[in-house]
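Breakdown of the fold
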Amino acid sequence: MRYGREPEVLKEISFELKRGSFHFLTGPSGSGKSTLLKLIYLAEEASRGRIEIFGQDLALLQRKDRPLMRRRVGVVFQEFRLLDHLSVFDNAALSPRIAGRKPAGYRDDVADLLNWVGLGQRMQAMPQALSGGEKQRLAIARAVINRPDILLADEPTGNVDEAMGQRILRLFLELNRVGATVLIASHDLELVARSGMPVLQLEDGRLAPEPNFAPERTA
Amino acid sequence: MSLVFDVNRWWPAPLLPRRDGRDLALLFVVAALSLLAGLAAVGALAGHRASQGWQTELTGSATLVVRAQGTETADEAAARAADVVSGVRGVTEARALEAAKAQALIAPWIGPGALPPDLPTPRLVAIELDRKTPASGAAIAAALKAHGVDADVDDHSRWSAQIMRAGAATEGIAAAIFALIVAVLAAVVAYATRQGLAARHDVVEALHLSGATDGYIARLFQARFARSAAQAALAGAVLAAAAAGALKLATAGDAQLTALLPIAWTDLAAVAPFPILGALAAAVTARVTAMAALGARP
């Protein structure tokens, strides 16, 4: 993967995430973690190579089918990407709304989820009024409201305290337990180690062998 | 008013941010275009009515220029010509004009009182034609010739053709102005849509990554611009109708101006479809533009 004529950001990477698996993606800044996530959530197109999601080769995926694929992928962005003109509740309700569901069919789920992530008292607040940690939790709520098949998170605990970090991790583990494939990019090696989950480690755009975490990989 | 959030009363908020300064500029431009289109439409209708009226007057009448022959006086020749023409099928009335009236008609060219009394001026006969089956100039000329009357028939066909051409040209110009205004409206909305997509890049990105289709996002812009265009076009149409109405009232006492621009109150209804037309043009343009812009994204 390369941007324009820049050097390749990702190269010679080959791995498979089994359905229902849980992985951390680690590596120093600039190692290509965010780019790898972007390729999976279809924000970028690979300049070469082959990516398959749910058995579908993304290079062969028609444009009209990309939104349906994206709806199966929940993303927690490092910079949150909340819509500042929408309330906390409206932000959290974005995915089911876009999927065409009727409000009566999901508004209780949104309220429950916001309560769960500790934003039950801030449902009418606007994102500008939230702290970094609250924005992070809202971003997570928005990503998981549709119960995605794959959950991607880019530094999801970067703006929260340790207790909330643990709580968020438990949420991810719970979603994984009910069937979601989870891939979390994180600098927080302590959290990674404590979770005991396998790790994909990127170094200079390549997937490094990491025997300690024994990630599932294909040849 | 309760400040407690009631989930059961929640309803989704608009996905695009509220209007800002850029949208107000678009509203102003669309309102101005609607005003101009409204004036063009009312002007075209009034122009069409004027040319129709003039044409009806011209085709409903003819004039004879009679010259005396032999010992016959000019008045006698004119009276005889009127008699002959009265009997032609398609003529409802033929009336010889008195010498004073005939001289008054040529006074604008030679000045009042400048005509010597002994100058043998030709006499005129005013002919009223049947509106449904008017007699042709050739038929009248043939009847006069058969009765030995030396006269020229002016059935006004030369003027009628010119008026028809002028009327058609007026309508063509009005249609061209209208088409130009629609094209400008489309260009303005296309520009505004591209600006809107760029300015709300974060919103578009978030919607895309949440699984929104290009059509879903395009519909947001389509609805926004259609609503804005309808409101602005309505304002422009009301202003155009008010201006045309004021013009009608202002020219009511002047027969010449009224003849030139005979605005009818019903003409003002021409601006009624503008809000719908504006919304339609804006919606189509915004959708096409947005779909093209979104299609360039991954």
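Note that the coordinates shown come from a computational prediction; the quantities given were computed from them, not determined experimentally. (Residues numbered from 1 in each chain as written. Chains lettered and ligands numbered in written order. Predicted model: local features only at pLDDT ≥ 70, side-chain atom pairs only at ≥ 80, totals over all residues.)

Helix and strand counts for chain B stand at 9 helices and 4 strands. The order of α-helices and β-strands along chain B, N terminus first, is α-β-α-β-α-β-α-β-α-α-α-α-α. Relative to the compact-globule value of 19 Å for 298 residues, chain B shows a C-alpha radius of gyration of 32 Å, a clear excess of over 25%. For chain B, the spread of C-alpha atoms along the principal axes amounts to about 110 × 40 × 35 Å. In chain B, which comprises 298 residues, the share counted as buried stands at 35%. Within chain B, counting contacts between residues at least 6 apart in sequence, those at least 24 apart form 85% of the total. (Helix = DSSP H or I, 4+ residues; strand = E, 2+ residues; numbered from the N terminus. Rg over C-alpha atoms; globule rule 2.2 N^0.38 Å. Buried ≥ 20, exposed ≤ 12 C-beta atoms within 10 Å, placed from the backbone. Contact = placed C-beta atoms within 7 Å.)

Right, let's talk about the overall build of chain A for a bit. Across its full length, chain A holds 8 helices and 8 strands. Burial statistics for chain A: of 219 residues in total, 42% are counted as buried. Within chain A, counting contacts between residues at least 6 apart in sequence, those at least 24 apart form 70% of the total.

As a further point, take the nonpolar core. If you look at the biggest cluster of nonpolar residues, it comprises 111 residues, and the most contacted ones within it are Ala92(A), Leu114(A), Ala141(A), Leu151(A), Val42(B), Ala229(B) and Ala282(B). By residue number, the principal contributor to this core is helix α7 (residues 214-250) of chain B, which donates 15 residues. Among residues more than four places away in sequence, those in contact with Leu151(A) are Gly74(A), Ala143(A), Val144(A), Phe172(A), Leu175(A), Ala180(A) and Val182(A). Among the nonpolar cores identified, the runner-up in size contains 24 residues, and Ala62(B), Leu64(B), Ala135(B) and Ala151(B) belong to it. (Core = buried A, V, L, I, M, F, W, Y, C linked by C-beta atoms within 7 Å.)

Residue and element names in this part refer to chain A. Read from one edge of the open sheet, 6 strands run β4-β5-β6-β1-β7-β8, paired in mixed fashion. In the strand order of this sheet, the two ends are held by β4 (73-76) and β8 (206-208), each with one partner. Pairwise comparison of adjacent strand axes, ignoring direction, gives a mean angle of 25° for this sheet. Relative to β8, strand β7 (residues 199-203) runs antiparallel, the two being bridged by 3 bridges. Residue pairing across strands places leucine 202 opposite leucine 207, the latter belonging to β8. This element, helix α6 (residues 132-144), spans β4 and β5 (150-154) of the sheet and lies at about 175° to β4. The sheet contacts of helix α7 (residues 162-177) involve β1 (22-26), β5 and β6 (181-185), and relative to β6 the element is tilted by about 155°. (Pairing = 2+ DSSP bridges. Axes fitted to C-alpha atoms, helices over the stretch in contact; angles between N-to-C directions.)

The subject of this paragraph is the interface of chain B and chain A. Every contact between the two is made by 19 residues of chain B and, on the other side, 28 residues of chain A. Of all the elements, helix α6 (residues 201-209) of chain B adds the most residues to the side of chain B that touches chain A, at 6 residues. Residue composition of the side of chain B that touches chain A, by class: 14 nonpolar, 3 polar and 2 charged. (Nonpolar A, V, L, I, M, F, W, Y, C, P; charged D, E, K, R; others polar.)

Now for the sheet that holds strand β3 (residues 123-129) of chain B. Residues and elements named next belong to chain B. The strand order β2-β3-β1-β4 describes an open sheet built from 4 strands, whose pairing is antiparallel. Two strands close off the open sheet at either side, each with one partner strand: β2 (91-96) and β4 (150-154). Adjacent strand axes in the sheet meet at a mean angle of 20° when their direction is disregarded. Bridge count for strand β1 (residues 61-67) against β4 is 5 bridges, and the pairing is antiparallel. Across the sheet, residue arginine 67 finds its bridge partner in β4, namely aspartate 150. Seen against the sheet, helix α4 (residues 137-146) touches β1 and β4 and runs at an angle of roughly 170° to β4.

Residue and element names in this part refer to chain B. Because side chains alternate across β1, one face comprises the buried residues Ala62, Leu64 and Val66, and the other comprises Ser61, Thr63, Val65 and Arg67, none of which is buried. Two elements, β1 and β3, share 6 bridges in a ladder whose sense is antiparallel. What sits directly across from serine 61, in β3, is glutamate 128.

Many analyses report the size of an interface as the accessible area lost when the parts associate. By domain assignment, chain B separates into domain 1 (18-55 + 161-295) and domain 2 (61-133). Between the C-alpha centres of domain 1 of chain B and domain 2 of chain B the distance comes to 53 Å. (Domains from an automatic or database assignment.)

This next bit is on the packing of helix α5 (residues 157-199) of chain B against α7(B). Residues and elements named next belong to chain B. Relative orientation of the contacting elements α5 and α7 amounts to 135°, with a least axis distance of 11 Å. As the angle between them shows, α5 and α7 are arranged oblique. In terms of crossing hand, the pair formed by α5 and α7 is right-handed. Two secondary-structure elements touch here, α5 through Val189, Ala192, Thr193 and Gly196 and α7 through Phe221, Phe225 and Ala229. Its residues assigned to classes, the contact of α5 with α7 shows 5 nonpolar, 2 polar and no charged. (Parallel < 35°, antiparallel > 145°, perpendicular 65-115°, else oblique. Left-handed = near helix turned anticlockwise from the far one by under 90°.)

A separate point is helix α1 (residues 33-40) of chain A. Because an α-helix packs 3.6 residues into every turn, residues spaced three or four apart end up facing the same way. Residues and elements named next belong to chain A. Of all 8 residues in α1, 6 are buried, a share of seventy percent or more. Buried positions along α1 lie against β1, β5, β6 and β7. Note on α1: the residue one or two positions beyond its end, leucine 42, has a positive phi of about 65°.

The subject of this paragraph is α4(B). Residues and elements named next belong to chain B. For α4, the full list of buried residues reads Ile140, Ala143 and Leu144. Taken down its axis, α4 places every buried residue within 100° of arc, on the same side. For α4, the exposed residues set more than 90 degrees away from the buried face come down to Ala138, Lys145 and Ala146. In the stretch just after α4, glycine 148 is the one whose phi turns positive, near 70°. (Arc of directions from axis to C-beta.)

Right, let's talk about the packing of helix α2 (residues 74-86) of chain B against α4(B) for a bit. Each pair of packed helices gets described by two things: the angle between the helix axes and the distance between those axes. Residue and element names in this part refer to chain B. Between α2 and α4, the shortest axis-to-axis distance is 9 Å and the interhelical angle comes to 125°. Taken together, α2 and α4 sit at an angle that is classed as oblique. Two packed elements cross with a definite hand, and for α2 against α4 that hand is right-handed. Note on element contacts: α4 touches α2 through Ile140, Ala143 and Leu144, opposite Ala81, Val84 and Val85. When its residues are assigned to classes, the contact of α2 with α4 shows 6 nonpolar, no polar and no charged.

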